[in-house]
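Okay, here's what each chain looks like letter by letter:
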Amino acid sequence: MRVVLPLAVATPLCLCCAAQTTGASSVAGAPTISSSTSLGSNSNDLVSLYGTPVVEIIARVNDQVITNSDLARAQTQLAQDARQNNLTIEQLDRSQKNLFRDLIDQQLLLSKGKQLGITGDTELIQRLDEIRKENHLDSLDDLEKAVEQQGITYEDFKANIRHSIISQQVVRDEVGSKLQLSQAEIQKYYQDHLDTFT
């Protein structure tokens, strides 16, 4: 039996053994695997008989993939950001609608960064140290503990920062270097939009 999930699935489903034996779904409306299903070593099925979360590729971007787990992680991060920044419902709704597109854009920037040889390793260490200092923590171990208390794994936290660094460097190198404005153009824009600067 092959389980095919709709694209709208945002969180991994866990198919529990109890649901297998009763034939009931462990998640309302979610498919289950019957106890007679066997998976071979060459199986391409999404679910194992051990109740492993279902991971589905929902997009391919160059040589990278975006999974439903990536989307769920991004939704969790967005919800935390919304609480911390007191976003309005309209702002949160707009961000939710753009979330999948933003994941694709991020993968495109990361692919370009990989192509350009940008790793962000040095900047990551510097940024982690800045965050540590901003939060008055004694060590990176203390930072790791503080991050995990927020409900985020330290590896995800570092990956998000690294992705941000790589994306910023790609935009700066690929877009910023080609963007050239004359002093006259800058002055004209300033004069035309003077009310927004005062």
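A brief report on the enclosed structure follows. (Residues numbered from 1 in each chain as written. Predicted model: local features only at pLDDT ≥ 70, side-chain atom pairs only at ≥ 80, totals over all residues. Heavy atoms only, no water.)

1. Some points on the overall build of the protein chain
Going by this rule: Secondary structure is summarised from DSSP: a helix means a run of H or I of at least four residues, a strand means a run of E of at least two, and numbering begins at the N terminus for each. Relative accessibility thresholds used throughout: buried, under 20% of the residue-type maximum; exposed, over 50%; partly exposed, between the two (1.4 Å probe, protein chains only). By definition, residues are in contact when any of their heavy atoms lie within 4.5 Å. Here the open area of atoms and residues is found with the Shrake-Rupley method and a 1.4 Å probe, where only the protein chains shown may cover a residue.
Check the secondary structure of the protein chain and you find 8 helices and 2 strands. Along the protein chain, helices (α) and strands (β) appear in the sequence α-β-β-α-α-α-α-α-α-α when read from the amino end. Expressed as a percentage of its 198 residues, the buried residues of the protein chain come to 27%. In the protein chain, once contacts between residues fewer than 6 apart in sequence are set aside, the share between residues at least 24 apart is 58%. When the accessible surface of the protein chain is split by element, carbon and sulfur atoms take 53% of a total near 13400 Å².

2. Topic: the nonpolar core
Defined as follows: Take the buried Ala, Val, Leu, Ile, Met, Phe, Trp, Tyr and Cys residues and link them wherever side-chain atoms come within 4.5 Å; each set so joined is a nonpolar core.
Ranked by size, the top nonpolar core spans 10 residues in total: L124, L128, I131, L143, V147, I152, Y154, F157, I161 and I165. Only α4 (121–134), α5 (140–149) and α6 (154–176) provide two or more residues apiece to this core. When sequence neighbours within four positions are dropped, the list of residues in contact with V147 reads I152, T153, Y154 and F157.

3. With respect to the packing of α4 against α6
Heads up, the rule is: Lines fitted to C-alpha atoms define the axes here, with helix axes fitted over just the stretch in contact, and angles between the N-to-C directions of these axes take values from 0 to 180 degrees. For classification purposes, an angle smaller than 35 degrees is called roughly parallel, one larger than 145 roughly antiparallel, one from 65 to 115 roughly perpendicular, and anything else oblique. Rotating anticlockwise by less than a right angle from the far helix to the near helix defines a left-handed crossing, while the corresponding clockwise rotation defines a right-handed one. Each residue gets one label: Ala, Val, Leu, Ile, Met, Phe, Trp, Tyr, Cys and Pro are nonpolar, Asp, Glu, Lys and Arg are charged, and the others, such as Gly, are polar.
Contact geometry for α4 and α6: axes closest at 9 Å, N-to-C directions at 120°. With respect to each other, α4 and α6 are oriented oblique. Considering how the two elements wind past one another, α4 and α6 form a crossing that is right-handed. In contact with D121, E123, L124, R127, L128 and I131 of α4, α6 contributes Y154, F157, K158, I161, R162, I165 and Q169. Grouping the constituent residues of the contact of α4 with α6 by class yields 7 nonpolar, 1 polar and 5 charged.

4. Focus on the pairing of strand β2 (residues 64–67)
Heads up, the condition is: Two strands pair if DSSP finds at least two bridges between them.
Of the pairings in the sheet, the one linking strand β1 (residues 57–61) to β2 comprises 4 bridges and is antiparallel in character. Residue pairing for β2: V61 is matched across the bridge by Q64. Between the end of β1 and the start of β2, which pair antiparallel, lie 2 residues, with N62 showing a positive phi angle near 55°.

5. Some thoughts on unusual backbone geometry
Of note in the backbone geometry, N62 takes a positive phi value of approximately 55° without being a glycine. Inspection of the secondary structure puts N62 in the loop between β1 and β2. Under the relative-accessibility criterion, N62 is labelled exposed at 59%.

6. Topic: the pattern of salt bridges
Put simply, the rule is: Here a salt bridge means any side-chain nitrogen of Lys or Arg lying within 4 Å of a carboxyl oxygen belonging to Asp or Glu.
Scanning the model with the defined rule gives 13 salt bridges in all. Notably, a salt bridge pairs D93 with K97, separated by 3.4 Å at the nearest N-O pair. Here D93 and its partner K97 are both found in helix α3 (residues 89–116), 4 residues apart, which amounts to about one turn of the helix. Overall, K97 belongs to the exposed group, its relative accessible area being 63%. Each of the salt bridges in this network shares a partner with another, and the network as a whole consists of R101, D102 and D105.

7. Some details on α6
Note the cut-off: Every helix has an expected span of 1.5 Å times one less than the residues it contains.
Taking 1.5 Å per residue as the helical rise, α6 with its 23 residues ought to reach 33 Å, and the 31 Å between its terminal C-alpha atoms agrees with that figure. Listing the buried residues of α6 in full gives Y154, F157, I161, I165, I166, S167, Q169 and V170. Buried residues in α6 make contact with α3, α4 and α5.

8. What about the side chain of R132?
As for its placement among the helices and strands, R132 is situated in helix α4. Excluding residues that lie within four positions of it along the chain, R132 makes contacts with L137, D138, S139, L140 and L143.

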